[in-house]
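Next come the chains, spelled out residue by residue.
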2 protein chains.
Amino acid sequence: MAQQMRVFAFDFNGPAHLSAGTWCHPTDRGHEYTSLKYWIEYAKLLERANFDGIFFADNDGYHENYRGSVADSLKDAAQIPTNDPAYLIPAMAAVTQNLSFGVTSSTAYDVPYKLARKFSTLDHLTDGRIGWNVVTSYSTAAARNLANQEQVAAHADRYNRAEEFIDVATQLWEGSWEDDAVIVDKDNGVYVDPSKVHDINYEGTHFTVPGIHQCEPSAQRTPVIFQAGGSPRGVELAAKTAEAVFMNAIDKPTLKKQVDALREKAIEFGRDPEHIATLQMITVISAATDEEAQAKYQEYLDLVSYDGAMARYSGWTGLDMSTFDPDKPLKDVEAKGTATMLTFFQKVDADKEWTPRDIAEYTGIGGTSPVIVGGPQTVADEVISWMEETGVSGFNIANAVKFQDIKDFTEFVVPELQKRGAMRTSFTGSTLREHLFGEGVARLPEDHPGAAYRKQSTEAR
Amino acid sequence: MAQQMRVFAFDFNGPAHLSAGTWCHPTDRGHEYTSLKYWIEYAKLLERANFDGIFFADNDGYHENYRGSVADSLKDAAQIPTNDPAYLIPAMAAVTQNLSFGVTSSTAYDVPYKLARKFSTLDHLTDGRIGWNVVTSYSTAAARNLANQEQVAAHADRYNRAEEFIDVATQLWEGSWEDDAVIVDKDNGVYVDPSKVHDINYEGTHFTVPGIHQCEPSAQRTPVIFQAGGSPRGVELAAKTAEAVFMNAIDKPTLKKQVDALREKAIEFGRDPEHIATLQMITVISAATDEEAQAKYQEYLDLVSYDGAMARYSGWTGLDMSTFDPDKPLKDVEAKGTATMLTFFQKVDADKEWTPRDIAEYTGIGGTSPVIVGGPQTVADEVISWMEETGVSGFNIANAVKFQDIKDFTEFVVPELQKRGAMRTSFTGSTLREHLFGEGVARLPEDHPGAAYRKQSTEAR
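Chain A carries the name LLM class flavin-dependent oxidoreductase in an unreviewed UniProt entry, which gives Glutamicibacter ectropisis as its organism. In its Sequence similarities (unreviewed entry) section, the UniProt entry covering chain A states "Belongs to the NtaA/SnaA/DszA monooxygenase family."

See the structure below:
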């Protein structure tokens with residue numbers, strides 16, 4: 001019996017996300033992103049298929065490195081235009097019972113007091129089905145438009161701020177209102193017992209928050225904390241505070257190393273590594289048979305936009321890929337970053353020369369995530385082998401053609417995974433934290449630093 | 001034939017809003033505020049009754065002036081706890097076609113780039129049924145918790161910031177993306193024509209925003225701009241930039257003066273005063289007959305909490321009302337603010353001595369808004385007389401007992417108003433701006449300062 005994997009759809013509130021040019025496929029529905037009807041249909045599809053949730057990436061800027069302009073990003077809808085994904089969640093939650101929602105929210109240009117209220121609100125409205133993906137914002141466009149800064153803050157500063165941000169927010173969620181503060185006593189006219197609501201008196205380097213949280217406790221109190229940072233400092237922060245970590249390893253050996261390193265680091269910080277779920281990003285193109293899936297994949301590859309892929313890749317790496325000859329092998333190019341690029345992509349194929357055009361073709365489908373193509377058996381074999389060989393907890397499934405690829409996965413792959421016991425057929429607990437860690441675990445576990453605030457609150461009486 | 005009034009429900013994402021203690025009434029449903037089901041039922045009720053919309057007040061702090069503590073506010077749920085109202089809108093929009101949504105969002109601790117994306121997202125998801133109530137935040141709790149400031153900024157500074165904030169946001173909404181920028185050309189692989197998306201290059205005193213808006217144009221582009229400021233500077237800002245203004249006059253002569261002053265000021269700024277809707281706040285307690293309504297009103301009055309009313313009133317005025325003897329007439333009290341209070345309440349009843357207890361009783365139902373009590377005829381007569389005697393465009397209807405008072409209004413008063421031609425029986429246009437100003441007026445009118453950005457955008461090609 002295979003281990004049961006956690007499964008999230010990975011998406012973006014815009015016409016297109018990681019893949020380049022595939023929005024031109026006739027079945028692609030990315031242009032429907034402004035419509036609630038579209039997202040409601042999507043939510044119902046995912047819930048029927050027993051997905052644990054949908055996860056929304058987000059970006060508070062836009063890609064403008066390629067040719068020093070946002071023009072190619074706009075042409076290919078390369079993560080621009082984009083609406084705020086958090087507002088999709090209430091409408092999708094209203095038509096589902098178990099589907100959970102992860103949403104990205106940056107610590108760079110927000111304050112903990114406001115963000116804490118946002119996630120408490122969403123945790124209430126979803127009955128505990130919300131997760132927060134903590135990011136620190138790498139976009140210079142965001143720095144300029146949101147904070148009048150030419151550059152983003154230094155990496156270390158961004159992570160220090162993020163760590164304190166999580167700390168303040170967690171204290172608001174866990175430490176301000178006791179569980180039995182809200183009594184709604186209509187006979188005696190007491191809605192809240194004020195003796196059970198506490199000022200948090202937070203004084204830090206970046207934030208000072210003296211007062212009480214505005215929101216009463218919700219099902220999970222603290223949303224499930226997601227992170228994705230791959231740098232040493234990112235891994236450290238995740239090991240300290242994350243409950244689920246997105247991995248984007250290019251192959252299984254790399255993923256195994258990342259999973260193991262995170263687990264070790266978690267133990268160093270006194271946490272049970274089983275309290276951190278790991279989710280590998282993959283893109284799956286599936287059909288009734290391997291042949292049909294391969295044919296579909298070829299259709300997608302034919303649509304890949306070189307400029308669209310390079311607009312994204314330039315944004316992610318901070319390099320302007322327009323300065324490279326598309327057909328010159330990277331090994332023959334002397335420029336900052338090429339050696340790193342080459343090392344990265346040679347894991348996919350060590351024998352390939354890897355020109356910018358090869359990179360565009362590779363990343364044009366699903367960004368840098370592994371692409372799995374096949375019929376039910378092939379895909380099931382492959383994802384199960386990723387689980388078994390790496391110890392990862394599950395997957396964040398990106399798409400190349402919006403809606404259709406995920407619909408195909410639910411139709412062709414999910415039944416096969418369920419037959420093999422590798423995917424759930426029903427839900428037990430109802431909160432996101434329970435989906436990840438088992439029934440009854442709606443709140444932060446005791447080994448999470450945020451749990452200390454909870455105790456303090458009770459003992460302070 | 002009476003003039004057709006605009007009608008909004010006035011509410012708050014918390015257990016209780018303006019009224020004190022009435023959440024203890026057995027029929028009150030305020031405690032359901034954390035549930036999507038409740039708000040969805042509410043949305044359907046309002047749409048069936050042909051309400052133009054629902055309007056959400058909000059507060060980014062809490063009342064802590066009374067006895068120098070938030071304790072009495074918590075006890076009576078005096079606008080605390082409170083969740084973020086903006087997240088209710090997508091779920092309520094998904095089950096309605098015409099109902100529109102106004103939501104309060106402060107300019108004090110946010111930046112225009114982020115707020116512009118929030119409202120573009122909501123305008124997309126509601127198909128043009130969104131309005132933004134611009135407030136500048138008077139809460140010291142908000143200043144401390146959100147910005148580590150002991151006091152809010154000076155009134156003039158807050159309004160200067162708000163004016164520039166509106167200016168930047170409007171330029172993002174109107175001036176960045178041309179109407180035909182988004183072409184979704186799958187054959188040629190062009191989603192957006194980059195030549196039709198413009199940097200706004202905004203450089204102001206408070207904000208610098210060089211780049212493009214992240215969102216493509218929505219039905220209204222700019223949300224309908226609501227304001228409520230009653231100070232001279234507030235009226236000036238409203239006359240310059242608002243499309244709908246909340247009035248909270250205590251009687252008809254005062255309201256007429258406010259409406260006339262706003263219209264005159266609008267003309268001074270070169271705007272057609274017909275392009276600004278005015279909405280008076282009222283609280284309506286209705287029933288099948290006058291007698292039943294009066295009996296219900298008495299039930300509510302019996303529930304009014306002195307401390308709950310004073311916790312709110314102290315927050316609104318900035319005075320700690322616990323320092324006054326509850327039963328001593330204001331005229332006999334020598335303290336800052338008492339003369340102003342007395343002048344204000346004597347408009348309600350010139351012969352009354354007005355003790356703090358009288359104020360608590362008066363404001364305990366619907367805050368300082370006029371309370372209209374009666375059967376269908378009485379209420380219809382009264383609201384129509386407010387329209388006729390003041391020139392106001394309609395009403396923002398607050399409640400004392402959550403859900404039930406509005407449900408009573410839809411059941412007892414709406415049919416009577418419709419019979420008299422004073423309230424709509426169906427919708428023509430579908431956007432909020434069309435609800436207020438007529439079919440076809442989905443976009444900002446030409447005399448609004450934001451319209452200039454639109455022209456600039458087209459001419460700049």
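1. Here's the deal with the overall build of chain A
Within chain A, the regular secondary structure consists of 16 helices and 13 strands. The principal-axis extents of the C-alpha atoms in chain A amount to approximately 75 × 50 × 45 Å. Each of the 461 residues in chain A was classed as buried or not, and the buried ones make up 64%. The long-range share in chain A, meaning contacts at least 24 apart out of those at least 6 apart in sequence, stands at 76%. Of the roughly 15900 Å² that chain A leaves accessible, carbon and sulfur atoms contribute 47%. In chain A, which carries 43 positive and 67 negative side-chain charges, the distance between the mean positions of the two groups comes to 2 Å.

2. Some words on the side chain of Asp-405 of chain B
All names here are of chain B. Structurally, Asp-405 can be placed in helix 14 (residues 404-419). Among buried charged residues, Asp-405 stands out as having no salt bridge; its nearest opposite-charge side chain is Lys-296, 5.6 Å away. At 2.6 Å, the side chain of Asp-405 forms a polar contact with the side chain of Tyr-300. Residues in contact with Asp-405, not counting those within four places in the same chain, are Val-284, Ile-285, Tyr-300, Asn-399 and Ala-400.

3. What about the UniProt feature "binding site: FMN" (unreviewed entry) in chain A?
UniProt records the feature "binding site: FMN" (unreviewed entry) for Asp-58, Thr-104, His-155, Tyr-159 and Ser-231 of chain A in the present numbering. Inspection of the secondary structure assignment puts Asp-58 of chain A in the loop between strand 2 (53-57) and helix 2 (71-75). You can call Asp-58 of chain A partly exposed: its relative accessible area is 23%. Dropping the residues within four chain positions of it, Asp-58 of chain A is found in contact with Phe-12, Thr-82, Asn-83, Pro-85 and Thr-104 of chain A together with Arg-117 of chain B.

4. Overview of the interface of chain A and chain B
Contact residues are listed per partner, giving 70 residues for chain A and 70 residues for chain B. Taking both sides of the interface into account, the surface hidden between chain A and chain B amounts to around 6000 Å²; carbon and sulfur atoms contribute 63%. Looking only at chain A, the three residues that lose the most surface to chain B are Tyr-87, Lys-186 and Tyr-191 of chain A, adding up to 14% of its buried area. Counting across the interface, chain A meets chain B through two salt bridges. For Arg-117 of chain B, the salt bridge goes to Asp-58 of chain A, with nearest N and O atoms at 2.7 Å. At the junction of chain A and chain B, the tally comes to 34 residue pairs in polar contact (both at pLDDT 80 or more). Residue assignment for the side of chain A that touches chain B shows that the elements contributing at least two residues are helix 1 (36-48), helix 2, helix 3 (89-94), helix 4 (112-125), helix 5 (140-147), strand 5 (182-185), strand 6 (190-192) and strand 8 (208-209) of chain A. No other element matches helix 4 of chain A, which puts eight residues into the side of chain A that touches chain B. Partitioned by chemical class, the residues of the side of chain A that touches chain B number 39 nonpolar, 17 polar and 14 charged.

5. Some details on the UniProt feature "domain: Luciferase-like" (unreviewed entry) in chain A
Mapped onto the present numbering, the UniProt feature "domain: Luciferase-like" (unreviewed entry) falls at residues 29-393 of chain A. Across residues 29-393 of chain A, helical content stands at 42% and strand content at 14%; the span's end C-alpha atoms are separated by 29 Å.

6. As for the pairing of strand 13 (residues 394-398) of chain A
Residues and elements named next belong to chain A. Counting buried residues along strand 13, five of its five residues qualify, which places the element largely inside the surrounding structure. Of the pairings in the sheet, the one linking strand 1 (residues 6-12) to strand 13 comprises four bridges and is parallel in character. Along strand 13, the bridge assignment pairs Val-7 with Phe-395. As judged from the five bridges shared by strand 11 (residues 277-286) and strand 13, these two strands associate in the parallel manner. Looking at strand 13, one finds that Met-281 is bridged to Asn-396.

7. Observations regarding the pairing of strand 10 (residues 244-247) of chain B
Residues in a regular strand project their side chains so that they alternate between the two faces of the sheet. Residues and elements named next belong to chain B. Of the two faces of strand 10, the one holding Ala-244 and Phe-246 and the one holding Val-245 and Met-247 are both buried throughout. Of the strand pairs in this sheet, strand 9 (residues 224-227) and strand 10 are connected by two bridges, and their pairing is parallel. The partner of Phe-226 across the bridge, within strand 10, is Ala-244. What joins strand 9 to strand 10 is helix 7 (residues 232-241), and the crossover it makes is right-handed. As judged from the four bridges shared by strand 10 and strand 11 (residues 277-286), these two strands associate in the parallel manner. Its bridge partner being in strand 11, Met-247 is matched across the sheet by Gln-280. Taking the sense of rotation as the criterion, the β-α-β connection linking strand 10, helix 8 (residues 252-268) and strand 11 turns out right-handed.

8. Topic: the nonpolar core
Counting residues in hydrophobic clusters, the biggest one holds 207 residues, and the most contacted among them are Phe-51 of chain A together with Phe-51 of chain B. Beyond its immediate stretch of four places on either side in the chain, Phe-51 of chain B contacts Val-7, Phe-8, Ala-9, Leu-46, Leu-99, Ile-397, Ile-406, Phe-409, Thr-410, Val-414, Met-423 and Phe-427 of chain B.

9. Quick word on the relation of the copies chain A and chain B
Expressed as a screw transformation, the operator carrying chain A onto chain B has a rotation angle of 180 degrees and an axial translation of 0.0 Å, and the superposed copies differ by an RMSD of 0.0 Å. Overall, the copies show the geometry of a two-fold rotation axis. In terms of proximity to the rotation axis, the leading residue of chain A is Ala-91 of chain A, whose C-alpha is 2.1 Å off the axis. Taken as a fraction of all interface residues of chain A, those also at the interface in chain B reach 100%, which identifies the copy contact as same-surface.

10. Some details on unusual backbone geometry
Following Ile-80 of chain A, the chain continues into Pro-81 of chain A via a peptide bond in cis, with omega recorded as 0 degrees. In this fold, Pro-81 of chain A is placed in the loop between helix 2 and helix 3. Its identity as a non-glycine residue notwithstanding, Asn-201 of chain A has a phi of 50 degrees, on the positive side. Structurally, Asn-201 of chain A can be placed in the loop between strand 6 and strand 7 (202-203). When its relative accessible area of 55% is taken as the criterion, Asn-201 of chain A is described as exposed. A positive phi angle, close to 55 degrees, is found at Arg-67 of chain B, a residue other than glycine.

11. Notes on the pattern of salt bridges
Any two side chains of opposite charge can pair, given that their charged atoms come close. Enumeration over the complete set of coordinates arrives at 62 salt bridges over all chains. The residue Arg-454 of chain A makes a salt bridge to Glu-446 of chain A at a minimum N-O spacing of 2.9 Å. Here Asp-179 of chain B ties to Arg-443 of chain B by a salt bridge, and the two come within 3.1 Å at their closest N and O atoms. Residue Asp-179 of chain B is found in the loop between helix 6 (155-175) and strand 5 (182-185), and its partner Arg-443 of chain B is found in the loop between helix 15 (432-437) and helix 16 (451-459); the two are separated by 264 residues along the sequence. Each of Glu-163, Arg-233, Glu-236 and Lys-240 of chain A takes part in salt bridges that share partners, so that together they form one network.

About the criteria used
Residues numbered from 1 in each chain as written. Chains lettered and ligands numbered in written order. Predicted model: local features only at pLDDT ≥ 70, side-chain atom pairs only at ≥ 80, totals over all residues. Heavy atoms only, no water. UniProt positions renumbered as here; feature names shortened; annotations may be inferred. Helix = DSSP H or I, 4+ residues; strand = E, 2+ residues; numbered from the N terminus. Buried < 20%, exposed > 50% of the residue type's maximum accessible area, 1.4 Å probe, protein only. Contact = heavy atoms within 4.5 Å. Areas by Shrake-Rupley, 256 points an atom, 1.4 Å probe, with all protein chains shown as cover. Lys, Arg positive; Asp, Glu negative; His and termini not counted. Charge placed at Lys NZ, Arg CZ, Asp CG, Glu CD. Salt bridge = Lys/Arg side-chain N within 4 Å of Asp/Glu carboxyl O. Polar contact = N/O pair within 3.5 Å; in protein donor to acceptor, adjacent residues only side chain to side chain. Buried area = accessible area lost by both parts, 1.4 Å probe. Nonpolar A, V, L, I, M, F, W, Y, C, P; charged D, E, K, R; others polar. Pairing = 2+ DSSP bridges. Right-handed = clockwise from strand over helix to strand, strands pointing away. Core = buried A, V, L, I, M, F, W, Y, C linked by side-chain atoms within 4.5 Å. Least-squares fit on C-alpha atoms with pLDDT ≥ 70 in both.

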